[in-house]
Amino acid sequence: MRYFVITGHKAATDGSFKLDDLAGGAGRMDILVRCVNSAFVMSHNLRKDAEIYLVLEGGEDAPKTVRFQGSTVKYLNPDERSTASLIRNALLKKVPKEGEISSSPGVFISRMSFDDVIDKLAKLGNFVYLKEDGEDCREFQFPENPIFVLGDNQDLTEAEEKKLLEQGPSTINVGPYSLHADHCMILVQNELDRRQAAGESNAL
Ligand SMILES: C[S@@+](CC[C@H](N)C(=O)[O-])C[C@H]1O[C@@H](n2cnc3c(N)ncnc32)[C@H](O)[C@@H]1O
């Protein structure tokens, strides 16, 4: 499995945002939508062995987490607008204090915070922090079930980084420049794909 966790520091936590205003009123939801695309969408195919956690931290009702599961997701298309609509439908649900509910096949919403997501995933895989000053990913031996953690247009906050570092993650960079989160995701996906094709990694 490949897991991705991305923090939407200002991302909307209610479903009142307009699909035409993802970068503005929805608190840079456009970034998160593109990350969903990078997690799953290939040419005429979807990655089944990926899962992404969008930690939404903007607005009065924060935090909330929307999870997309590649093995069961339906109605996921390459365009940003329809993916944003899947997120908005999740945010229109009444979310219980505990647990997760499904808003459409393979899309789930909960009140999990960043810390809750990290605690949950700690049992499922190995953390890999994507950071500009990390080790070069080309030299890196990817663990099984990597859990990639990255920021949106802002880096992780100090508190988020502290929480993640408590898990003893590997820290890697994907190249010499600071890139958009969704592009970083594609680069690690490609790195894993290449190693897998060469039989060097079982981190699918
Ligand atoms: C747009 S960047 C965040 C802001 C950016 N650090 C800056 O100073 O402008 C989004 C996230 O992508 C990841 N990232 C960006 N460039 C990277 C790189 N070269 N290697 C690894 N991760 C990177 C980091 O997790 C970062 O928080």
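Details of the structure are given in the entry above.
Glancing now at the packing of helix α3 (residues 114-122) against helix α4 (residues 158-165). At a closest axis distance of 10 Å, the pairing of α3 and α4 adopts a crossing angle of 15°. Of the possible angle classes, the one that applies to α3 and α4 is roughly parallel. Handedness of the α3/α4 crossing: right-handed. Facing F114, D115, I118 and D119 of α3, the residues of α4 in contact are E160, K163 and L164.

On to the site of the ligand, then. Around the ligand sit 16 residues, and of these L130, E132, D152, D155 and Y177 come closest. At 2.9 Å, a backbone N or O of L179 approaches a nitrogen atom of the ligand. Considering the ligand on its own, with 570 Å² of exposed area, one finds that the protein chains cover 81% of that surface. Listing elements by their share of the shell around the ligand, those giving two or more residues are β8 (126-136) and β10 (170-173). Counting residues per element, the shell around the ligand draws most heavily on β8, at 3 residues. The residue makeup of the shell around the ligand, split by class, is 7 nonpolar, 5 polar and 4 charged.

Time to look at the environment of F127. Mapped onto the fold, F127 is located in strand β8. Owing to a relative accessible area of 7%, F127 belongs among the buried residues under this scheme. Distance from F127 to L76, taken between C-alpha atoms, is 26 Å for residues 51 residues apart in sequence. If sequence neighbours within four positions are ignored, F127 has contacts with I118, L121, A122, I147, V149, L164, Q167, P169 and S170.

The subject of this paragraph is the packing of aromatic side chains. Tallied over the entire structure, the rule returns 4 aromatic pairs. Their ring planes at 75° and their centres at 4.9 Å tell us that F140 and F142 sit as a pair that is edge-to-face. The two residues F140 and F142 agree in class, both being buried. Between F142 and F148 the ring centres are 6.1 Å apart and the planes differ by 65°, which places this aromatic pair in the edge-to-face class. Take F142: its relative accessible area is 9%, and that puts it in the buried class. Site record: aromatic cluster; members linked through ring pairs are F4, F140, F142 and F148.

Definitions and limits used
Residues numbered from 1 in each chain as written. Predicted model: local features only at pLDDT ≥ 70, side-chain atom pairs only at ≥ 80, totals over all residues. Heavy atoms only, no water. Axes fitted to C-alpha atoms, helices over the stretch in contact; angles between N-to-C directions. Helix = DSSP H or I, 4+ residues; strand = E, 2+ residues; numbered from the N terminus. Parallel < 35°, antiparallel > 145°, perpendicular 65-115°, else oblique. Left-handed = near helix turned anticlockwise from the far one by under 90°. Contact = heavy atoms within 4.5 Å. Near = heavy atom within 4 Å. Polar contact = N/O pair within 3.5 Å; in protein donor to acceptor, adjacent residues only side chain to side chain. Areas by Shrake-Rupley, 256 points an atom, 1.4 Å probe, with all protein chains shown as cover. Nonpolar A, V, L, I, M, F, W, Y, C, P; charged D, E, K, R; others polar. Buried < 20%, exposed > 50% of the residue type's maximum accessible area, 1.4 Å probe, protein only. Phe/Tyr/Trp six-rings, centres within 6.5 Å; stacked < 30°, edge-to-face > 60°.

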